[in-house]
Amino acid sequence: MAKQYEMLVGGKWTKARNGATRDILDPASGELVAKVPESGREDVVAAIEAARAAFDHGPWRKTTALDRSKLLLKLADAIRGEAKMLAELETRNCGKPLAEAEFDVADAANCFEFYAGLATKIHGETMQVPANSLSFVVREPIGVCGQIIPWNYPLLMAAWKLAPALAAGNCVILKPSELTPLTALELARMVTQLEFPAGVVNVVTGPGAGAGEELASNMKVDKIAFTGGTVTGRKIMAAATSNIKKVTLELGGKNPNIFFADADLEAAVDGALFGAFANQGEVCSAGSKLLVERSLHKPLVEGMLKKIPRIKLGHGLTAGTKMGPLVSSAHREKVEAYIKIGQDEGAKLVCGGKRPAGKEFERGNFLEPTIFDNVKPTMRIAREEIFGPVLSVIPFDTEEEAIRIANDTEYGLAAAVWTKNVNKAMRVMQQIRAGIVWLNTYHPTFNEMPWGGYKQSGIGRELGLYGIEAYLETKQMNLNLDEAPIGWY
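Counting from 1, residues in each chain are numbered in the order their sequence is written. Residues qualify for local features only when their pLDDT is at least 70, as the model is predicted, and side-chain atom pairs are given and counted only at 80 or more; totals for whole chains, interfaces and linings, by contrast, use all residues. Side-chain metrics in this entry use all non-hydrogen atoms of the structure; hydrogen atoms and water are not considered.

S.K.: Mind showing me how you'd approach the overall build of the protein here?
M.R.: Looking only at helices and strands, the protein has 15 helices and 21 strands in total. In terms of C-alpha radius of gyration, the protein reaches 24 Å, essentially the compact-globule figure of 23 Å for 489 residues. Overall, the C-alpha framework of the protein stretches about 80 × 60 × 40 Å when taken along its three principal axes. Across the 489 residues in the protein, those meeting the buried criterion constitute 57%. For the protein, contacts bridging at least 24 residues in sequence account for 74% of all contacts bridging at least 6. Calculation of accessible area relied on Shrake-Rupley with a 1.4 Å probe; when residues are assessed, cover is drawn exclusively from the protein chains displayed. Surface exposure of the protein reaches about 20800 Å², of which carbon and sulfur atoms provide 55%. Working convention for charge: Lys and Arg count positive, Asp and Glu count negative, and His plus the chain ends are omitted. In plain terms, the charge of a residue is placed at NZ if it is Lys, CZ if Arg, CG if Asp and CD if Glu. Averaged over its 56 positive side-chain charges, the protein has a centre that lies 2 Å from the centre of its 57 negative ones. Counting from the N terminus, the helices are DSSP H or I runs at least four residues long and the strands are E runs at least two residues long. C-alpha atoms define the radius of gyration, and 2.2 Å times the number of residues to the power 0.38 defines the globule rule. Burial status follows relative accessibility: with a 1.4 Å probe on protein chains alone, a residue under 20% of its type maximum counts as buried, one over 50% as exposed, and anything between as partly exposed. Residue contacts follow a heavy-atom distance rule, with two residues in contact if any of their heavy atoms lie within 4.5 Å.

Dropping the structure here:
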């Protein structure tokens, strides 16, 4: 029997006030996994009020940095203690292979642990000023933070948002994607089993229309943090002007993966495939635009086609699965529409492009890994974020041309360069306008290092020291050491 979840609001488990629920389906089998509340604006308002009361009048403001650190360490331990359950639930909810889900769960625990360490290292400063004054700067929590996360990395994105916000002393309302809320709700359960005061962490489930809109526009929310598509990011940014909220946006990408002729071929083949097809290509930083120097073009494409059969499709819990289903039938149809666009534009479809045959795939949202060759940089499949297992291969002739094509985009999240020539690597990496650039690898992300993009890939940075900075205010304080009156009048 499917589990019935409730939301966490003000330290209490609650149903949606309108009584509505949403069925959460396994994208690989169509089976019912759970039911969750389908909240509306009134539920989000209640969560905001609970967070506001906890921040303004509760004990959280008086909780020391050391105590916050200890709580985050306990939460990291709780995640590790239930890692098997969380990874399996993540796979059943969003479809990714179990090995990827296991990595995400471990990284989520590490994220809470990292920010537990930073909680006690929030520094101020003192300054000498022209007056007889003791002048200094302190860092304080922003207040009540709304956090909206996507469906492709549910638990990990929850950790990326919650850990720095809590370490800094804020109260939060987390809204997971309506498609993949289950591990965030399990995380909320763990929070209730620790010593977090009521209202410090609230988790509401529901759609962006209504629930997400209320978080972004409500006057009592001091900051909004969002990870997701650029179109939605613009709407959130506009809604946040209601009270000039602090805003952090981690948005889309159309990321160039650049291969020069001197790249190691075997490593290049693996890097091209992993960059494009990890997590079914449902990654904002996916290397879905492959730029390859013309003399390497044919060997690289042939090498990828030889290895494509090793990308075993199947349920994420099935041993050996390398690629699971897309998150929903609607999203698969969106990706299929882009495949048709690529064909209509004249790109050469060299593999994939269709739903896999077989009884085990009939009820799931599966799609074969797809490669288009001889793509022109002006084609839509080379410029628009598809967010699925579709790779566009674009040949180039010179270093300057590769840089021009790589930067000719509204996005600027990620990129990679593959070459044995260190001088060339540094020249190109310095000229790529992206928030993260890899050399001879793709996708590694570290809690210790900043994450975010240039241009329309977002505003601000998450992770690392930058991540906790995004949840802190800066206050100047001055102590006048002269006891005499000012004497101005």
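S.K.: Help me understand the environment of Ala319 in this model?
M.R.: Within the element layout of this structure, Ala319 appears in the loop between helix H10 (294-307) and helix H11 (329-345). Spatially, the C-alpha atoms of Ala319 and Glu250 are 33 Å apart, while their sequence positions differ by 69 residues.

S.K.: Looking at this structure, how should I read the sheet that holds strand S14 (residues 289-293)?
M.R.: Sheet strands line up and pair through hydrogen bonds in the backbone, either parallel or antiparallel. Ordered by their spatial adjacency, seven strands build an open sheet running S15-S16-S17-S14-S13-S18-S19, and the pairing between neighbours is mixed. At either margin of the open sheet sits one strand with a lone partner, and together these are strand S15 (348-351) and strand S19 (436-439). The average angle at which neighbouring strand axes cross in this sheet is 20°, direction not considered. Of the strand pairs in this sheet, S14 and strand S17 (residues 390-396) are connected by five bridges, and their pairing is parallel. Across the sheet, residue Glu293 finds its bridge partner in S17, namely Phe396. Where H10 meets the sheet, its contacts fall on strand S13 (256-259), S14, S15, strand S16 (370-373) and S17, and the angle it forms with S14 comes to roughly 130°. The strands that helix H14 (residues 422-431) touches are S13, strand S18 (414-418) and S19; relative to S19, the one it contacts most, it runs at about 165°. At least two bridges found by DSSP between two strands are what make those strands a pair. Axis angles are defined between N-to-C directions and span 0 to 180 degrees, where every axis is a line fitted to C-alpha atoms and, for a helix, only to the segment in contact.

S.K.: How do you make sense of the packing of helix H2 (residues 65-81) against helix H6 (residues 182-192) when you look at a structure like this?
M.R.: How two helices sit against one another is set out by the angle between their axes and by the gap between those axes. With their axes 10 Å apart at the nearest point, H2 and H6 run at an angle of 130° to one another. Considering the angle they form, H2 stands oblique to H6. Crossing handedness for the pair H2 and H6: right-handed. Contacts from Leu75, Ala78 and Ile79 in H2 reach Leu187, Met190 and Val191 in H6. The nonpolar class holds Ala, Val, Leu, Ile, Met, Phe, Trp, Tyr, Cys and Pro. Asp, Glu, Lys and Arg form the charged class, and all remaining residues, Gly among them, are polar. Taken together, the residues of the contact of H2 with H6 break down into six nonpolar, no polar and no charged. Here the angle decides the label: under 35 degrees means roughly parallel, over 145 means roughly antiparallel, 65 to 115 means roughly perpendicular, and every other value means oblique. Should the near helix be turned anticlockwise from the far one by less than a right angle, the crossing is termed left-handed; should it be turned clockwise, right-handed.

S.K.: Explanation requested: the pattern of salt bridges in the structure shown.
M.R.: Proximity of charged atoms lets side chains of opposite charge pair with each other. The working definition used for a salt bridge is a side-chain nitrogen of Lys or Arg within 4 Å of a carboxyl oxygen of Asp or Glu. According to the stated counting rule, one finds 29 salt bridges in the structure shown. For the salt bridge of Asp397 with Arg294, the shortest nitrogen-to-oxygen distance reads 2.7 Å. Here the residue Asp397 occupies a position in the loop between S17 and helix H13 (399-407), and Arg294 occupies one in helix H10, the gap between them amounting to 103 residues. Its relative accessible area of 44% is what places Arg294 among the partly exposed residues. For Arg383, the salt bridge identified is with Asp408, shortest N-O distance 3.2 Å. Here Arg383 is found in helix H12 (residues 380-383), whereas its partner Asp408 is found in the loop between H13 and S18, with 25 residues between them in sequence.

S.K.: I would appreciate a short explanation of unusual backbone geometry in the present structure.
M.R.: For residues besides glycine, phi is generally negative; the peptide bonds are generally trans as well. Its identity as a non-glycine residue notwithstanding, Asn279 has a phi of 55°, on the positive side. Within the secondary structure layout, Asn279 lies in the loop between helix H9 (265-277) and S14. Asn279 gets classed as buried once you look at its relative accessible area, which sits at 1%. Even without glycine at this site, His443 takes up a positive phi of about 85°. For His443, the position within the fold is in the loop between S19 and strand S20 (458-459). Residue classification places His443 among the buried positions, given a relative accessible area of 15%.

S.K.: Any chance you could explain helix H7 (residues 208-217) here in plain terms?
M.R.: For an α-helix, 3.6 residues make a turn, and residues three or four places apart therefore share a direction. Restricting attention to buried positions, one finds in H7 the residues Gly210, Ala211, Gly212, Glu214, Leu215 and Ala216. Close packing links the buried residues of H7 with helix H1 (41-56), strand S8 (144-148), strand S9 (171-175), strand S11 (223-227) and helix H8 (230-239).

S.K.: Sorry if this is basic, but what is going on with the sheet that holds strand S7 (residues 133-141) here?
M.R.: With antiparallel pairing, three strands are arranged side by side in an open sheet as S6-S7-S21. The open sheet is flanked by strand S6 (125-127) and strand S21 (472-480), the only strands paired with a single partner. The average undirected angle you get between the axes of adjacent strands in this sheet is 25°. Alignment of S6 against S7, held across three bridges, turns out to be antiparallel. Along S7, the bridge assignment pairs Met127 with Ser135.

S.K.: How should I be thinking about the packing of aromatic side chains in this particular structure?
M.R.: For any pair of aromatic rings, the description consists of the separation of the ring centres together with the inter-plane angle of the planes. Note on aromatic contacts: the rings of Phe and Tyr and the six-membered ring of Trp form a pair at centre separations within 6.5 Å, being stacked when their planes are under 30 degrees apart, edge-to-face when over 60 apart, and tilted otherwise. In this structure the tally under the stated criterion is eight aromatic pairs. Working rule: Lys NZ or Arg CZ, within 6 Å of ring centre, within 35 degrees of ring normal, means a charge sits over the ring. The residue whose ring lies beneath Lys223 is Tyr471, and the NZ or CZ to ring-centre distance is 4.8 Å.

S.K.: I keep staring at the pairing of S16 and nothing clicks. Help me out?
M.R.: Each regular strand carries side chains that alternate between the two faces of the sheet. The two faces of S16 match: Thr370 and Phe372 on one face and Ile371 and Asp373 on the other face are all buried. Pairing of S15 with S16 involves three bridges; the strand directions are antiparallel. What sits directly across from Leu349, in S16, is Phe372. Two strands pair when backbone bridges link them, and S16 and S17 are joined in this way by three bridges, in the parallel orientation. In the sheet register, Thr370 faces S17, and the bridge partner there is Val390.

S.K.: What is the right way to look at the environment of His331 in this model?
M.R.: Of note, His331 is situated in helix H11. Spatially, the C-alpha atoms of His331 and Phe387 are 8.8 Å apart, while their sequence positions differ by 56 residues. Among residues more than four places away in sequence, those in contact with His331 are Trp151, Glu282, Leu326, Ile386 and Phe387.

S.K.: Would you mind showing me how to read the nonpolar core here?
M.R.: Soluble globular proteins: nonpolar side chains tend toward being buried together. By convention a nonpolar core is built from buried Ala, Val, Leu, Ile, Met, Phe, Trp, Tyr and Cys residues, the set being connected through side-chain atoms within 4.5 Å. Judged by nonpolar contacts, the single largest core of 124 residues is most densely connected at Phe112 and Met304. Per-element tally for this core: the top contributor is helix H5 (residues 154-167), with eleven residues. Apart from the residues lying within four places of it in its own chain, the contact partners of Met304 are Val269, Ala272, Leu273, Leu290, Ile371, Leu391 and Val393. Core analysis: the next-biggest nonpolar cluster, separate from the first, contains 30 residues, Phe396, Ala415, Ala425 and Val428 among them.

S.K.: Teacher, can you tell me more about H11 here?
M.R.: To estimate how far a helix should extend, the number of its residues minus one is multiplied by 1.5 Å. Taking 1.5 Å per residue as the helical rise, H11 with its 17 residues ought to reach 24 Å, and the 24 Å between its terminal C-alpha atoms agrees with that figure. Taken residue by residue, H11 has His331, Arg332, Val335, Tyr338, Ile339, Ile341 and Gly342 as its buried positions. Where H11 is buried, its residues touch S16, H12 and S17.

S.K.: Mind showing me how you'd approach the side chain of Ser285 here?
M.R.: Tracing the backbone shows Ser285 in the loop between H9 and S14. Setting aside chain neighbours within four positions, we find Ser285 in contact with Asn255, Leu413, Ala414, Trp438, Tyr442, His443 and Trp451.

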